[in-house]
Amino acid sequence: MKKMLSPILLILTFALSAAGHLLHWNPTLEFVLSAISVIFVAGFLGRATESVAHYAGQRLGGFLNATFGNAAELIIAILLVKEGLFDMVKASLTGSIIGNLLLVLGLSLFAGGMKFKVQRFNVPLAGMNGSLMIVAVIALFVPAVFLNTHSIEGLQIDTLSLIVAGILIVAYIAWLVFSMITHKDYLADPVETSHAGAAAVHGAAGATSGSAEMSPPAASDTAAGEEHAPTWSKGRSILYLVIATVMVAFVSEWLVGTLDTFTTQFGLSELFVGAFVVAIVGNAAEHSAAIMLAMKNKIGASVEIAVGSSLQISLFVAPVLIFVSFFMGGLSGTMDIVFSTIEIVAIAVSVFVAKSIIQDGETNWYEGLLLIAVYIILGVSFFMVH
């Protein structure tokens with residue numbers, strides 16, 4: 001009965017959220033129902049991703065989660081681009097980047113650190129992620145500086161935005177080739193290799209010690225055995241991952257549809273709503289998956305989800321949206337890559353803090369707390385903007 005409760009709540013909350021949207025219920029009630037539904041759908045997506053990660057490995061599993069988690073946000077952003085709401089799109093992209101680097105990563109490090117004193121992951125991977133984050137900041141910073149200090153306008157801004165967007169997309173594709181193909185072993189998480197070594201040592205010890213065979217398995221061994229026996233098969237895991245992503249896309253769209261009324265009713269600025277409310281909703285899937293993996297000492301996958309998702313937003317999703325706006329050719333023209341000073345500062349601060357914390361390849365709960373503290377500081381600052 002307990003196993004059936006979660007799927008029942010998932011379907012029930014999703015159905016109520018759909019009914020509220022289609023039947024045009026009270027916007028506040030729609031918002032609440034959609035927010036509750038997002039929690040259950042995100043949990044479903046987290047379980048599916050964890051199962052897929054078991055078959056694909058931590059790095060590829062983390063990449064898949066970041067990609068599927070950002071699918072909902074990309075769909076929402078394309079709808080906003082179609083309506084010409086470029087400022088809201090940029091604010092949501094900013095919120096997604098800082099949310100992943102500070103909130104998702106911070107909660108993951110904190111939750112994992114409360115259970116495990118120190119968690120380790122690949123140092124070269126941390127260094128490469130840090131370098132890529134700096135490239136993303138440069139790509140946002142340079143066009144803004146040139147726009148504000150020189151007479152670049154109109155067609156020149158669009159041309160510069162398209163060129164920078166194209167370079168970022170190429171850089172991201174090259175990173176995927178580097179990390180997933182040519183240097184896959186170099187960037188492998190040390191936990192994965194240590195499990196294999198530990199298994200070999202454990203096997204050797206069992207062969208030389210007769211009493212070891214009679215002793216009960218240790219708690220860690222039991223946990224490892226459970227981890228290697230996922231509930232779902234490979235095919236079912238992939239199917240559920242796709243279904244969960246589609247559900248997240250629908251629920252997120254319904255939730256965003258109520259934000260106009262929500263913003264007006266509570267007197268919130270468009271910048272705050274885009275950077276925090278929309279971003280938190282869009283990243284709900286990553287939140288749950290990253291935290292669950294960190295609490296199972298799979299910190300490499302958690303970092304890959306949080307940092308990888310942030311990199312995917314800045315190096316791929318944002319540039320793709322610029323090309324989408326160009327090809328749509330709407331009344332508002334092409335969305336440029338020039339972010340506001342507040343947005344650039346927020347992203348730069350997030351990158352600086354996140355890079356300084358993950359660069360040594362070791363994490364603990366206090367470092368997670370520091371990331372959360374910076375996120376709250378930025379949140380309060382954005383809230384004060386009108």
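Quick caveat, the model's predicted, so the values are computed rather than measured.

Draft legend 1. Quick peek at the overall build of the protein. Regarding its fold elements, the protein presents 16 helices and 2 strands. Relative to its 386 residues, the protein shows a buried fraction of 47%. Taken as a whole, the protein presents about 18300 Å² of accessible surface, with 71% of it coming from carbon and sulfur.

Draft legend 2. Region of interest: the side chain of Ser92. Relative to the helices and strands, Ser92 is located in helix H4 (residues 86-115). A distance of 2.7 Å separates a polar side-chain atom of Ser92 from the backbone oxygen of Val89.

Draft legend 3. Inspection of the packing of aromatic side chains at higher detail. Applying the stated criterion to the full structure yields 10 aromatic pairs. Centroid distance Phe44 to Tyr240: 5.7 Å. Interplanar angle 55°. Geometry classified as tilted. A residue pair is termed long-range when its members are at least 10 positions apart, and Phe44 in helix H2 (residues 27-56) and Tyr240 in helix H10 (residues 234-257) qualify at 196 residues. A relative accessible area of 14% places Phe44 in the buried class. On the basis of relative accessible area, Tyr240 is assigned to the partly exposed category, the value being 23%. On the numbers, 5.9 Å between centres and 40° between planes, the contact of Phe250 with Trp254 is tilted. Of the two residues, Phe250 and Trp254 are both situated in helix H10; the distance of 4 residues between them amounts to about one turn of the helix.

Draft legend 4. Local environment of the packing of H4 against helix H15 (residues 341-358). It is at 10 Å that the axes of H4 and H15 come closest, and there the two elements cross at 20°. On the basis of their axis angle, the class for H4 and H15 is roughly parallel. The handedness of the crossing between H4 and H15 comes out as left-handed. Across from Asp87, Lys90, Ala91, Thr94, Ile97, Ile98, Leu101, Leu102, Leu105 and Leu109 in H4, the residues of H15 making contact are Glu343, Ala346, Ile347, Ser350, Val351, Ala354, Ile357 and Ile358.

Draft legend 5. Spotlight on the packing of helix H6 (residues 155-182) against helix H14 (residues 299-328). Close contact between H6 and H14 brings their axes to 9 Å; oriented N to C, the two are set at 140°. If you check the angle between H6 and H14, you find them oblique. Between H6 and H14 the crossing geometry is left-handed. Note on element contacts: H14 touches H6 through Leu311, Gln312, Ser314, Leu315, Phe316, Pro319, Val320, Ile322, Phe323 and Phe326, opposite Ser161, Leu162, Ala165, Gly166, Leu168, Ile169 and Tyr172.

Draft legend 6. Geometry of the confidence of the model for the protein. Of the residues in the protein, 81% reach a pLDDT of 70 or more, and the chain-wide mean stands at 77. Of all secondary-structure elements in the protein, the lowest mean pLDDT belongs to helix H8 (residues 210-214), at 38, while helix H16 (residues 365-384) reaches the highest, 90. Here residues 192-227 scores under 50 on pLDDT; set against residues more than four positions off or in separate chains, the count is 11 contacts.

Procedures and definitions
- Residues numbered from 1 in each chain as written.
- Predicted model: local features only at pLDDT ≥ 70, side-chain atom pairs only at ≥ 80, totals over all residues.
- Heavy atoms only, no water.
- Helix = DSSP H or I, 4+ residues; strand = E, 2+ residues; numbered from the N terminus.
- Buried < 20%, exposed > 50% of the residue type's maximum accessible area, 1.4 Å probe, protein only.
- Areas by Shrake-Rupley, 256 points an atom, 1.4 Å probe, with all protein chains shown as cover.
- Polar contact = N/O pair within 3.5 Å; in protein donor to acceptor, adjacent residues only side chain to side chain.
- Phe/Tyr/Trp six-rings, centres within 6.5 Å; stacked < 30°, edge-to-face > 60°.
- Axes fitted to C-alpha atoms, helices over the stretch in contact; angles between N-to-C directions.
- Parallel < 35°, antiparallel > 145°, perpendicular 65-115°, else oblique.
- Left-handed = near helix turned anticlockwise from the far one by under 90°.
- Contact = heavy atoms within 4.5 Å.
- pLDDT = per-residue confidence, 0-100.

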